[in-house]
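So you can see what is in the structure, the chains are spelled out below.
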Amino acid sequence: MVALAQSSAAGALALLFDPEPLLKQYALKSLNALVPQFWAEISEHIALIESLYESEELPQSAHDQAALLASKVYYYLGEYDEALSFALGAGSAFENDSRSPGTEEYVETVVSKAIDRYIQGRTAEQAGEGKLDPRLQGIIEGIFRRCIADGEFRQAIGIALESRRLDIIKGIYEQTHDTSLLSYAMEAVLDTAFPLAYRDQVLKFVFPLFPAPTSDAKSPHVYSLTRILVTLNSPEMTVSFLNSLVPRQKLLAYQFAFDLVEGGGQDFLEAIRKDLPEGNEESKPIYDQLRKILLGQESIKLYLEFLKRNNKVDMLILKNTKDALEPRSSIYHTALTLQNAFMHAGTTSDVFLRENLEWLALANNWSKFSAAAAIGVIHKGHFQESMNILGPYLPAQGAESGTGSQAYSEGGALYALGLVNAGVGSGQEVENYLRNLLRNASSEVVQHGAALGLGVAGMGGKSAEAYDDLKQTLFTDSAVAGEAAGYAMGLIMLGTADRTSAEEMLTYARETQHEKIIRGLAIGLALIFYGRQEEADDIVKLLMAEKDPILRYGGVYTLALAYAGTSNNAAIRQLLHVAVSDTSDDVRRAAVTSLAFLLFKNPAQVPRIVQLLSESYNPHVRCGATLALGIACAGTGLQDAVDILEPMTRDSVDFVRQGALIALGMILVEQSEASSPSLAPTRALYAKIVSDKHDDPMARFGAALGQGLIDAGGRNVTISLQSRAGSRNTSAIVGMVLFCQFWYWYPLAHCACLAFEPTGIVGLDENLKAPKFEFASNAKPSLFAYPSLTKTPKKETVTKVATAVLSTTAKAKAREKRKAAAEGETVPEDKKDGDVEMKAGEASSTRNEDVSPISLAEGTSTPKSRKSEPSSEKLSNFSRVTPAQLAYITFHTEARYQPVRVVSTRPPPTTTKTPKTPSAAALTAERYAGGGGILILTDTRPGEEAEYIEFETQAVPPATGAAPAAQNPPASAPGRHIALDENAPEADPPESFEYPFDHDT
């Protein structure tokens, strides 16, 4: 017999009115099971249920049941706060009920509300503004116990971080000894919007929990330790950590020093160098090496060598662009200058400039300034020779040559000097040299170049003297010099949140009448508050309320830089609001572009967020969307981003097309034809637009820049706003912010080179020399191969086509011949040259041998089968290894040289198949916290003689002083001298050898 379904809760409710306590207990228990079905009926008696909860005649278990029943009723009524309050009163009944089937949704909602209230209560308690409810504490403790019992450690850590329960994190680690959980806690607090003070508290708490690293263990948490040290920016903590590694783990200490250089600011590294002890007899050489590494110049020299050795620039692309663009047009001349600078960035190769001196001589005014600055991009990092390289262009001793075209090349050379010394110029001779010229120059163009050079070279150096010199230049109220001074002041005081500087700059921006100066100061203010999160809220509020749209523009960038890389929801909402509501198109465009600086650690989210904005009616918003996609998804090859940008290359507005073409170059940098199907069509699109003389100049400019970015740094760099350890790459973020200002001032586009990250493996032994060794890449070579070079189009020669003769015609002629022979006549031969007789079976056989592309794709065998591609390849020291490729890199266990830390933070692929989908590489690079780079190697066979790599970029011994040498440049024709190897010794002729003819195949 089938049980009848209950149609009402009236029976159980009637028992609540019975005077017998046992019946009331039974009724409460029964009603708890009926609530999901009859909550509306039960809610009419909620007052009675509450009175039973407060009644003293019922036992505790009945109280708990009454509270649980009231909680459920309020949950179904949508009163979640009341539901939580009664759930807290239910005690053990709530915990027992949470395991019952059908209550999952109710329990989840109440627990969520409990966690929110607990977090608020803990925050208030720590601020001394109240006391936490012990019943709430009990529920949360139960949640922690359940998470740990179920192995949901990350969920428990997330709640513990939110509720400031660091003891839970320590307890979980002591139970599991899993360092990946500590790394998760570190990433969670860094990549979400926690207040700065609490963030630092968590990092200082987590850091000592990590086990001491050793070179034998190759522990992956080395990256986490580096990231914590860089983020905390604490020289005392860093020095203490390095001291713990010396002398036993000296190789690991060297590795940490190289990793710190990549993420740390100049002032931080300088403070570590000063605080490192002298050491005793055994440790002194180690500390000396550490100081040498922390200077930052060793890393730059090694990457310079890497870029020079592996330069794979396709010169034909540059030649075709030069032939297509009219050199007398300023915009086209600048476009080609930037394209060449990006393609040769850091390679020290000025072949294109040497071969096209006539083209170079056509530069006028600011085009000449950009052309001179481009030399700095090409020689970026070649700081030892910077004065000699730029000597012919730098101002003569005493003062600059004055007005006229010479001032533009001199100003550009000073800007180039800053780019060459980017990030390592603070406190060096070059800084003093630029300061002297800035003070003594009378031409505003030279002042402009000197200010930009000083800012880029001394970035983050916090030099008060340099700041004061720039301030004096600003107060001259020259539009050209003042704009550069505004940018440079922000660069010098990068990330200091210095209130005095900010107030001075804001006051002057309100007083001056020059838009250029206001814009320079607005971006300078944004740079001062870089990474300061909530400390920048007041200045952001102030700037966003300004009537002047240029200051609101600065407010947008201030917000983006203050919360860079945090994906802060409140900041994203504010930017999206500005993007659709501000009255100024410039501010709206900047707001959309700025999303990239908040979200670059989660590039896969960006296409979804800007999808609707990319379809906006406002072309400025669409343009901002293109740059947001380009900057946030740079180097990932993310197909979702490419799919949005591809239709925008056909937009009706020229500057939207320009933005889309530039963004595609950023996204597809270092992608191969095998990993990204969009690469070949994009390159073809660039060539088509550049060569089309009827296309919009802005679109052609964008295509030329895109060509430069997609092949940046000789095809050996990526664009990444993260360092290899996963921390923010400060110089890259700053470089991209300045690059975005090319909309107003083309020379600032050169700053994109600050975001170029060399992608190679550079191995060094304990003496910091580069030995010869090999390692394996366990992926098909084509997946990460260099793109094939452009082929010179062959001239078409007209060939004589053979005339086909049908077999029926041949038979007819043969019959005529036989008939004529029988009659004794001769038939004249009318066969022409080139006639070919077609046999009857030929047509059908030819048809059968035709192979369509579809049949090829389906795997139909062809007469010539391709040679199967190997599944791995061997690479040598100083080889290019792209970020997506790092997961496939292994060192043979029996190899002589082994790295002291893991090559990549990502685990190697579990499948033997190499990924073929276009997004495979992009997804693995989604949260690029690289690996690779400069690796310190341990020598497992130190007794054997080592073979070292000879560097091509040899350092020239310094003369009496770098600056004096530059103040007396060699007397040579200005504009015709590109670089300085005229005085270099000639290479020795190759040694004689015998060719092994017997081994020819």
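What you see is a predicted model, and the numbers here were worked out from it, not measured in a lab. (Residues numbered from 1 in each chain as written. Predicted model: local features only at pLDDT ≥ 70, side-chain atom pairs only at ≥ 80, totals over all residues. Heavy atoms only, no water.)

A. Just the pattern of salt bridges, in detail. Enumeration according to the criterion identifies 38 salt bridges in this entry. Among the charged side chains, a salt-bridge network with shared partners connects Glu278, Lys284, Asp288 and Arg291. (Salt bridge = Lys/Arg side-chain N within 4 Å of Asp/Glu carboxyl O.)

B. Up close: unusual backbone geometry. A positive phi angle is found at Arg164, which is not glycine, with a value near 60°. With respect to the element layout, Arg164 can be found in the loop between α9 (153-162) and α10 (166-176). Note on Arg164: relative accessible area 17%, which makes it buried. (Helix = DSSP H or I, 4+ residues; strand = E, 2+ residues; numbered from the N terminus. Buried < 20%, exposed > 50% of the residue type's maximum accessible area, 1.4 Å probe, protein only.)

C. Highlighting helix α26 (residues 429-440). Helix length check: α26, at 12 residues, gives a terminal C-alpha distance of 17 Å against a target of 16 Å (1.5 Å per residue), a fit within 8%. Taken together, the buried positions of α26 are occupied by Val430, Glu431, Tyr433, Leu434, Arg435, Leu437 and Leu438. (Expected span 1.5 Å × (residues − 1).)

D. Layout of the packing of aromatic side chains. What the rule picks out here adds up to 27 aromatic pairs. Arranged with centres 6.1 Å apart and planes meeting at 40°, the rings of Phe773 and Phe775 form a pair that is tilted. With relative accessibility at 3%, the residue Phe775 sits in the buried group. An aromatic cluster of at least three residues, connected via ring pairs, comprises Trp366, Phe369, Tyr408, Tyr415 and Trp745. In this arrangement the basic side chain of Arg309 is found over the ring face of Phe878, its NZ or CZ atom lying 5.8 Å from the centre. (Phe/Tyr/Trp six-rings, centres within 6.5 Å; stacked < 30°, edge-to-face > 60°. Lys NZ or Arg CZ within 6 Å of the ring centre and 35° of its normal.)

E. Local environment of the pairing of strand β3 (residues 760-764). Among the 5 residues in β3, 5 count as buried, and that is most of the element. Burial along β3 is two-sided: Gly760, Val762 and Leu764 and Ile761 and Gly763, pointing in opposite directions, are all buried. The pairing of β3 with strand β8 (residues 879-880) spans 2 bridges and is classified as antiparallel. Across the sheet, the residue bridging to Ile761 is Ser879, located in β8. Bridging between β3 and strand β11 (residues 933-939) involves 4 bridges; their strand directions are parallel. By the bridge assignment, Val762 is partnered in β11 with Ile934. (Pairing = 2+ DSSP bridges.)

F. Seen up close, the confidence of the model for the chain. Looking at the chain, pLDDT values average 81 and 85% of them are 70 or higher. Across residues 911-929, confidence stays below pLDDT 50; counting only partners more than four residues off in sequence or on other chains, it has 40 contacts. Segment residues 955-984: pLDDT under 50, and 45 contacts once partners within four positions in sequence are set aside and those in other chains are kept. (pLDDT = per-residue confidence, 0-100. Contact = heavy atoms within 4.5 Å.)

G. The arrangement of the side chain of His333 in detail. Considering the arrangement of structural elements, one finds His333 in helix α20 (residues 330-343). Setting aside anything within four residues of it in sequence, one finds His333 in contact with Pro327, Trp359, Leu360, Leu362, Ala363 and Ser367.

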